Structure formats: structure tokens, C-alpha cells
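Structural features, examined
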Amino acid sequence: MCEGEMATTQQISALIEKTFDVGDAELSGATDFESLEFDSLVLVELAVILTRDYGVEITDEELAEAETIEATAALVNSKSRTLTA
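Presented here is an overview of the structure given in this document. All figures in this text were calculated on a predicted structure; none of them were measured in a lab.

1. Notes on unusual backbone geometry
- We note that glutamate 37 has phi near 60°; this positive angle belongs to a residue other than glycine.
- Considering the arrangement of structural elements, one finds glutamate 37 in the loop between helix 1 (3-19) and helix 2 (40-54).
- With a phi angle near 70°, glutamate 67 is a residue other than glycine that sits in the positive phi range.
- By the element assignment, glutamate 67 lies in the loop between helix 3 (60-66) and helix 4 (69-84).

2. Remarks on the packing of aromatic side chains
- The tally for this structure, following the rule as stated, stands at two aromatic pairs.
- Consider the rings of phenylalanine 20 and phenylalanine 38, whose centres lie 5.3 Å apart with planes at 55°: the pair is tilted. With phenylalanine 20 in the loop between helix 1 and helix 2 and phenylalanine 38 in the loop between helix 1 and helix 2, the pair connects residues that are 18 residues apart, well separated along the chain.
- A relative accessible area of 10% places phenylalanine 20 in the buried class.
- Ring centres of phenylalanine 33 and phenylalanine 38 lie 5.9 Å apart, and the angle between their planes is 10°; on these two criteria the pair is classed as stacked. As far as burial versus exposure is concerned, phenylalanine 33 and phenylalanine 38 are alike and both buried.
- An aromatic cluster of at least three residues, connected via ring pairs, comprises Phe20, Phe33 and Phe38.

3. Quick notes on the nonpolar core
- Formed by 22 residues in total, the largest nonpolar core has its most connected members in Ile16, Phe20, Phe33, Phe38, Leu46 and Leu63.
- Elements with a contribution of two residues or more to this core: helix 1, helix 2 and helix 4.
- For this core, the leading source of residues is helix 2, giving six residues.
- Here isoleucine 16 is in contact with Val22, Leu27, Phe33, Leu36, Phe38, Leu46 and Ile69, once residues within four sequence places are set aside.

4. Overview of the pattern of salt bridges
- For the coordinates displayed, the defined rule picks out two salt bridges.
- One salt bridge connects aspartate 53 with arginine 52, and the closest N-O pair in it is separated by 2.9 Å.
- Across the pair glutamate 62 and lysine 79 runs a salt bridge whose closest N-O atoms are separated by 2.9 Å. On the criterion of sequence distance, the pair formed by glutamate 62 in helix 3 and lysine 79 in helix 4 is long-range, its members being 17 residues apart.

Parameters and conventions
- Counting restarts for each chain: residues are numbered from 1 in the order of the written sequence.
- Reporting of local features is limited, given that this is a predicted model, to residues whose pLDDT is at least 70; pairs of side-chain atoms are given and counted only at 80 or more, and all residues count toward the totals for whole chains, interfaces and linings.
- Computation of side-chain values: all heavy atoms of the structure, hydrogens and water removed.
- Counting from the N terminus, the helices are DSSP H or I runs at least four residues long and the strands are E runs at least two residues long.
- Stacked, edge-to-face and tilted labels apply to pairs of Phe, Tyr and Trp rings (six-membered ring for Trp) whose centres lie within 6.5 Å, assigned for plane angles under 30 degrees, over 60, and everything in between, in that order.
- With a 1.4 Å probe rolled over the protein chains alone, any residue whose accessible area is under 20% of its type maximum counts as buried; one over 50% counts as exposed, and the rest are partly exposed.
- Take the buried Ala, Val, Leu, Ile, Met, Phe, Trp, Tyr and Cys residues and link them wherever side-chain atoms come within 4.5 Å; each set so joined is a nonpolar core.
- In this description, contact between two residues means that some pair of their heavy atoms is separated by no more than 4.5 Å.
- Salt bridge, as used here, is a side-chain nitrogen of Lys or Arg placed within 4 Å of a carboxyl oxygen of Asp or Glu.

Right, dumping it as C-alpha cells:
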């Protein structure tokens, strides 16, 4: 994982902790949405927040496919790079 993805992973982890009730869960890049008991409505809400915060279109289907915070960060970064390329 490159430095940019690591930073994005940490930002998304912090966003999830702040926005959603994840209890005492220790979040890391490997944390998957299923273990956090995120249902489709939570993924829709997260997709909207990520789209707003990062300026790239992220769908709940993409988040479901990504499954983890680290994969979500990679998705956000790849879409961001596409915009700047």
C-alpha cells in the first residue's frame, strides 16, 4: 500500500468511527463492512459521504464489492487519479 492509500485508509477509518456507531471495534485497513454489520442502507450513506468528501462518484455497489476499508481507500484513490489524469 502506498503512502496516499495509507492516508486515505486512515481518513476513511476516522470517518466511519465518527459517523457510524461501531462500538469498540478496532478499525484497520483490513476491517470489513460485514464485521461492522453494515447493511445496504449504511453502505448507501457511506457512499454519499465519500462522494461528497472526495469529489468522486462512489456507489454502494462498489463499496459492497470492495468489502474492506483498505479496498475502499484504493477505490477512492483510483477514481481520484482518473480525475486528475
